Amino acid sequence: MRDIVLMADPRVARIPVVDNGEPLVDLEAAGFLIDPRHEDPLGASRRYRSGAAERLAQAEKLLPAGLRLLVVEAYRPLELQRKYFDGYREELAQLNPGYSAEQLRTAASRYVSPPELAPHSAGAAIDLTLCDAEGELDMGTIMNATPEQSDGRCYTDAEGLPPQAAENRAILVEAMHSAGFVNYPTEWWHFSYGDRYWALMSRRPEALYGPIEYRGPLDA
């Protein structure tokens, strides 16, 4: 398994953000398949920065015939991000009573980004999987499985996956990487473009997208 840089790595926070002002667009209106499991009344979870959405369309065109991207969650309000992070950190604190605050922050960042760095809240990250006419493909774990729940199989390069699941992950990663996205290596389903993590891993001097607030369709 390759060396993993986590979102809590200090190098991520040191990346400057020069937001280019691109708006959030509706991925469903753009023709992408949307899974309803994280759907919200305002449709925030299917919003994505326009430049990243264009690259997402490129990635889908690179998939083998018969396969589509299935978008589960893109934009995530900062308040919700904070709720997810704090909840998982508390879960880890109960499992690891000897951990320091910094150890808990680092461990939590394997699964949920610290709120101040969260690419979902910048409209830069997307959680997705592959599907065909019969439904979702086998990716080795359910989406959003924690490292504890999956015994580490949620890691993109996890060993011991069923051959078909490993092949499906490779197809997804290749298409997304070819379109310019960066995968978060502890979550096979999470990709981003334009955020601080993307900038660090792509050796870019600055991030293109910072935190953005979405209040409803009138913002789009």
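Predicted model only: the values in this text are computed from it and were never measured.

Cut-offs applied
- Residues numbered from 1 in each chain as written.
- Predicted model: local features only at pLDDT ≥ 70, side-chain atom pairs only at ≥ 80, totals over all residues.
- Heavy atoms only, no water.
- UniProt positions renumbered as here; feature names shortened; annotations may be inferred.
- Buried < 20%, exposed > 50% of the residue type's maximum accessible area, 1.4 Å probe, protein only.
- Contact = heavy atoms within 4.5 Å.
- Polar contact = N/O pair within 3.5 Å; in protein donor to acceptor, adjacent residues only side chain to side chain.
- Core = buried A, V, L, I, M, F, W, Y, C linked by side-chain atoms within 4.5 Å.
- Helix = DSSP H or I, 4+ residues; strand = E, 2+ residues; numbered from the N terminus.

1. Quick word on the UniProt feature "site: Transition state stabilizer" (unreviewed entry) in the protein chain
If you check UniProt for "site: Transition state stabilizer" (unreviewed entry), the listed places come out as Arg-76 in our numbering. A residue is classified by how much of its surface remains accessible, and Arg-76, at 8% relative accessible area, is buried. Every residue in contact with Arg-76, bar those within four places of it in the chain, is listed here: Gln-81, Tyr-84, His-120, Ser-121 and Asp-127. A polar side-chain atom of Arg-76 sits 2.8 Å from a polar atom in the side chain of Glu-73.

2. Some remarks on the nonpolar core
Inside soluble globular proteins, nonpolar side chains tend to come together where they are buried. By size, the foremost hydrophobic cluster in this structure holds 47 residues, and its most contacted members are Leu-27, Tyr-48, Leu-56, Leu-69, Ile-126, Leu-172 and Met-176. Contributions of two or more residues to this core are made by helix 2 (50-61), strand 4 (68-73), strand 5 (125-132), helix 6 (163-178) and helix 7 (196-202). Not counting the four nearest positions on each side in its chain, Met-176 is found in contact with Leu-56, Ala-59, Leu-69, Ile-126, Leu-128, Phe-181 and Phe-191. The next biggest cluster of nonpolar side chains, apart from the first, holds six residues, and it includes Phe-85, Leu-92, Leu-104 and Ala-107.

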